[in-house]
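For reference, the chains in residue letters:
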Amino acid sequence: MTTLKEFVKDGNQYTMKRQYGFGLLVVGGMLAFTIGGIYYKNTAVIWIFGILTVLCFISIWSQRFVIDLDRNEFIIKNGLINKPVQILFSDFVNFELVKIKHYLITTNVCLNLYYMKNNKEKCTGIAQAFTTRSIQRLINEINEIVKLNEHSRKI
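Residues numbered from 1 in each chain as written. Predicted model: local features only at pLDDT ≥ 70, side-chain atom pairs only at ≥ 80, totals over all residues. Heavy atoms only, no water.

> Help me understand the packing of helix α1 (residues 21-39) against helix α2 (residues 43-62) in this model?
Helix-helix packing is characterised by the crossing angle of the two axes and by the distance between the axes. Interhelical geometry of α1 versus α2 gives an angle of 160° and a closest axis separation of 8 Å. Judged on the interaxial angle alone, α2 and α1 are roughly antiparallel. Of the two possible hands of crossing, α1 and α2 adopt the one that is left-handed. Taking contact as the criterion, the partners of Gly-23, Leu-24, Val-26, Val-27, Met-30, Leu-31, Phe-33, Thr-34, Gly-37 and Ile-38 in α1 are, on α2, Val-45, Ile-46, Phe-49, Gly-50, Leu-52, Thr-53, Cys-56, Phe-57 and Ile-60. Each residue belonging to the contact of α1 with α2 can be placed in one class, and the counts come to 14 nonpolar, 5 polar and no charged. (Axes fitted to C-alpha atoms, helices over the stretch in contact; angles between N-to-C directions. Helix = DSSP H or I, 4+ residues; strand = E, 2+ residues; numbered from the N terminus. Parallel < 35°, antiparallel > 145°, perpendicular 65-115°, else oblique. Left-handed = near helix turned anticlockwise from the far one by under 90°. Contact = heavy atoms within 4.5 Å. Nonpolar A, V, L, I, M, F, W, Y, C, P; charged D, E, K, R; others polar.)

See below:
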């Protein structure tokens, strides 16, 4: 197995490193509006964007994606209130890479994971980035980790 760039190994658990790029850009934009509100002495803008900045930063900090090879599952935590979603490897359907462009400029690339729950297909986000290459590297590492698990179970 090659060295992992996107994950940290802890026993048989692989935890994805925090993805700050896109989220911190959003937080920075909201912080700019907050500072603008302070400059123009607009209390409503200060409170609205100040609170949104803090909530968005906490949401980015609490986001988590873990591959647990002992329990054969993905553990995904998105957002502030949502509890972690546990997805068995057997319920996994596929990954979806969504690339959003605006006039030939890529503005966002998302990685979604599709899975089955109660005979319905569900979707949850895993990561966001500015380039397809970084998301593709993440997909390759996930596949490598899962294939390593399949190989070790066969032996």
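Additional details are given in the paragraphs that follow.
> What is the right way to read the sheet that holds strand β2 (residues 13-16) from this model?
Hydrogen bonds between backbone atoms are what pair the strands of a sheet, whose relative direction is either parallel or antiparallel. Judged by pairing direction, the sheet is antiparallel, and its 5 strands sit side by side in the order β1-β2-β3-β4-β5 without closing on themselves. The open sheet terminates on both sides in strands that have one partner only, identified here as β1 (7-10) and β5 (85-88). Averaged over all pairs of adjacent strands, the angle between their axes in this sheet comes to 20°, without regard to strand direction. Bridge count between β2 and strand β3 (residues 64-68): 3 bridges; the pairing is antiparallel. Residue Tyr-14 lies in a different strand from β3, and its bridge partner there is Ile-67. (Pairing = 2+ DSSP bridges.)

> Any chance you could explain the nonpolar core here in plain terms?
If you look at soluble globular proteins, the nonpolar side chains tend to sit buried side by side. By size, the foremost hydrophobic cluster in this structure holds 25 residues, and its most contacted members are Phe-7, Phe-65, Ile-67, Phe-74, Ile-126 and Ile-142. Contributions of two or more residues to this core are made by β2, β3, β4 (73-77), β7 (105-117), β8 (120-129) and α3 (132-154). Setting aside anything within four residues of it in sequence, one finds Ile-142 in contact with Phe-7, Phe-65, Ile-67, Phe-74, Phe-95 and Leu-111. (Core = buried A, V, L, I, M, F, W, Y, C linked by side-chain atoms within 4.5 Å. Buried < 20%, exposed > 50% of the residue type's maximum accessible area, 1.4 Å probe, protein only.)

> Hey, could you run me through the side chain of Asp-68 in this one?
When you line up the elements, Asp-68 lands in strand β3. One buried charge, Asp-68, has no salt-bridge partner; the nearest side chain with opposite charge is Arg-71, at 4.2 Å. Separated by 3.0 Å, the side chain of Asp-68 and the backbone nitrogen of Asp-70 make a polar contact. A distance of 3.4 Å separates a polar side-chain atom of Asp-68 from the backbone nitrogen of Arg-71. What Asp-68 contacts, discounting residues up to four positions off in sequence, is Asn-12, Gln-13, Glu-73, Ile-75 and Phe-89. (Lys, Arg positive; Asp, Glu negative; His and termini not counted. Salt bridge = Lys/Arg side-chain N within 4 Å of Asp/Glu carboxyl O. Polar contact = N/O pair within 3.5 Å; in protein donor to acceptor, adjacent residues only side chain to side chain.)

> Which parts of the structure should I look at to understand unusual backbone geometry?
When glycine is set aside, most residues are seen to have a negative phi, and most peptide bonds are trans. A positive phi angle, near 55°, is found at Lys-41, a position not held by glycine. The topology assignment puts Lys-41 in the loop between α1 and α2. For Lys-41, a relative accessible area of 70% translates into the label exposed.

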